[in-house]
Amino acid sequence: MMNTGTDTPSPDLPTYVLLCNDGTQVTTTDPGRAMVTGKCADIGKVKIPGLRDLAARPPYFHNGSSAT
């Protein structure tokens, strides 16, 4: 799991207010792995896909937008 930096508030994205176990509130645009684990340390963390043998597995990009 890695925090890609997409959890910073932005006026273009919806924000979520998360309540941590220690009573603090965190405002974020990307709850990330925290939605599964419930841990505030996981806010903004996402699973990075493996890149092994990527050239042999079209289509490319996360949405399959490129065939070559």
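Let me sum up the structure you'll find in this document. (Residues numbered from 1 in each chain as written. Predicted model: local features only at pLDDT ≥ 70, side-chain atom pairs only at ≥ 80, totals over all residues. Heavy atoms only, no water.)

### Structural notes on the overall build of the chain
Within the chain, the secondary structure is distributed over 1 helix and 4 strands. Ordered by position in the sequence, the α and β elements of the chain form the string β-β-β-α-β. Taking all 68 residues of the chain together, the buried fraction comes to 19%. For the chain, restricting intrachain contacts to residue pairs at least 6 apart in sequence, the fraction spanning at least 24 positions comes to 25%. Summed over its atoms, the accessible surface of the chain is roughly 5400 Å², and 57% of this surface lies on carbon and sulfur atoms. (Helix = DSSP H or I, 4+ residues; strand = E, 2+ residues; numbered from the N terminus. Buried < 20%, exposed > 50% of the residue type's maximum accessible area, 1.4 Å probe, protein only. Contact = heavy atoms within 4.5 Å. Areas by Shrake-Rupley, 256 points an atom, 1.4 Å probe, with all protein chains shown as cover.)

### A short note on the pattern of salt bridges
Applying the stated rule across the entire model yields 1 salt bridge. Of the charged contacts, one joins Asp-42 and Lys-45 as a salt bridge, the two residues approaching to 3.9 Å between their closest N and O atoms. Taking relative accessible area as the criterion, Asp-42 reaches 14% and is therefore assigned buried. The partly exposed category is assigned to Lys-45, whose relative accessible area is 27%. (Salt bridge = Lys/Arg side-chain N within 4 Å of Asp/Glu carboxyl O.)

### So, the state of the cysteines
A complete count under the given rule lists 1 disulfide for this structure. Two residues, Cys-20 and Cys-40, share a disulfide whose sulfurs are 1.8 Å apart. Looking down the S-S bond of the Cys-20 and Cys-40 bridge, the torsion is -110 degrees, so its handedness is left-handed. Separated by 20 residues along the polypeptide, Cys-20 in the loop between β2 (16–19) and β3 (25–28) and Cys-40 in the loop between α1 (34–37) and β4 (45–46) bring together distant segments of the chain. (Disulfide = S-S within 2.5 Å.)

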